[in-house]
Amino acid sequence: TLRLSQTLPVSTAKVGKTSLIMTLVSEEFPDEVPLRAEEITIPADVTPERVPTHIVDYSEAEQSDEQLFQEISKANVICIVYSVNNKKSIDKLRKFYPVGYVLGYRVPLILVGNKSDLVEHSSMETILPIMNQYSEIETCVECSAKNLKNISELFYYAQKAVLHPTGPLYCPEEKE
Ligand code: GTP
Ligand code: MG
């Protein structure tokens, strides 16, 4: 049996999940953030694909595996955040099992490489093999909450992954 924390794509702490959400909402980088952002719904008319978008943060420090699992089972898309300057957070991506194995249905995933302001080289070379391994991963994007780079793009990709998924919605052979 796999432990929940091994099967779920849990992000490493401090990669900038909360900062990304708060930067999207306020259009500026907050110097200080709580462990977990409050749940928020972005109204349809200010989103790129014109659909209301509910954003739920996750904090390893505040939430149990079971709570994470509950949130994941309600999600239409999951953004897995790593930090481009943190090799550990990238290594962690290699280890997770696609969440579809646990849920029995496909949930699109987006790989988000945050803190691009801290590095000069791209992490894409490392990320692409992971992306090609799982059809659930719709896309990957490098961004910076600090520089407000690719923040709106990230949320556009997330909406697009739900509204116009490119992969199959269910792959029975993948479950085995
Ligand atoms: P936990 O909820 O504790 O797991 O962390 P988190 O993933 O929500 O990260 P958080 O938003 O708390 O950010 C962690 C640290 O990284 C803070 O000091 C942020 O200011 C910093 N940070 C977040 N985004 C960026 C970024 O794009 N660039 C840089 N340079 N720092 C960032
Ligand atoms: Mg946080």
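Our subject is the structure that appears above.
Residues numbered from 1 in each chain as written. Chains lettered and ligands numbered in written order. Predicted model: local features only at pLDDT ≥ 70, side-chain atom pairs only at ≥ 80, totals over all residues. Heavy atoms only, no water.

Undergrad: Got a sec to walk through the overall build of the protein? Specific residues and values, please.
TA: Check the secondary structure of the protein and you find 7 helices and 5 strands. Ordering the α and β elements of the protein from the N terminus gives α-α-β-β-α-β-α-α-β-α-β-α. Residues classed as buried in the protein amount to 43% of the 176 residues present. Of the contacts made within the protein by residues no fewer than 6 positions apart, 70% connect residues no fewer than 24 positions apart. Put simply, the protein shows about 10,000 Å² of open surface, and 51% of that area lies on carbon and sulfur atoms. (Helix = DSSP H or I, 4+ residues; strand = E, 2+ residues; numbered from the N terminus. Buried < 20%, exposed > 50% of the residue type's maximum accessible area, 1.4 Å probe, protein only. Contact = heavy atoms within 4.5 Å. Areas by Shrake-Rupley, 256 points an atom, 1.4 Å probe, with all protein chains shown as cover.)

Undergrad: Can you explain the site of ligand 1? Please cite residues and give values.
TA: Near ligand 1 there are 17 residues, and of these K14, K17, T18, S19 and D117 occur at the shortest range. Within the side chain of K115, an N or O atom sits 2.9 Å from an oxygen atom of ligand 1. Take D117: an N or O atom from its side chain is 2.7 Å from a nitrogen atom of ligand 1. The element best represented in the shell around ligand 1 is helix α2 (residues 17-26), accounting for 3 residues. Residue composition of the shell around ligand 1, grouped by class: 7 nonpolar, 5 polar and 5 charged. (Near = heavy atom within 4 Å. Polar contact = N/O pair within 3.5 Å; in protein donor to acceptor, adjacent residues only side chain to side chain. Nonpolar A, V, L, I, M, F, W, Y, C, P; charged D, E, K, R; others polar.)

Undergrad: How would you summarise the coordination of the magnesium ion (ligand 2) if you had to cite specific residues and measurements?
TA: Around the magnesium ion (ligand 2), the protein contributes the donor atoms T18 (OG1) and L35 (O), which lie 2.0 to 2.1 Å from the metal centre. One end of the pair, T18, is in helix α2; the other, L35, is in the loop between α2 and β1 (40-42), and 17 residues separate them in sequence. On the accessibility criterion, T18 (7% relative accessible area) is buried. (Donors = N, O, S within 2.8 Å, 3.2 Å for Na, K, Ca; no water.)

Undergrad: So, the packing of helix α4 (residues 87-95) against helix α6 (residues 124-133): which residues are in play, and what are the values?
TA: Between α4 and α6, the least distance of the axes is 10 Å, while the angle of their chain directions is 15°. One way to sum up the angle between α4 and α6 is to call them roughly parallel. By crossing handedness, the relation of α4 to α6 is classed as left-handed. Taken together, the residues of α6 that come into contact with α4 (itself represented by I90, L93 and R94) are T126, I127 and I130. Residue classes in the contact of α4 with α6 are distributed as 4 nonpolar, 1 polar and 1 charged. (Axes fitted to C-alpha atoms, helices over the stretch in contact; angles between N-to-C directions. Parallel < 35°, antiparallel > 145°, perpendicular 65-115°, else oblique. Left-handed = near helix turned anticlockwise from the far one by under 90°.)

Keep in mind these values describe shape, not function.
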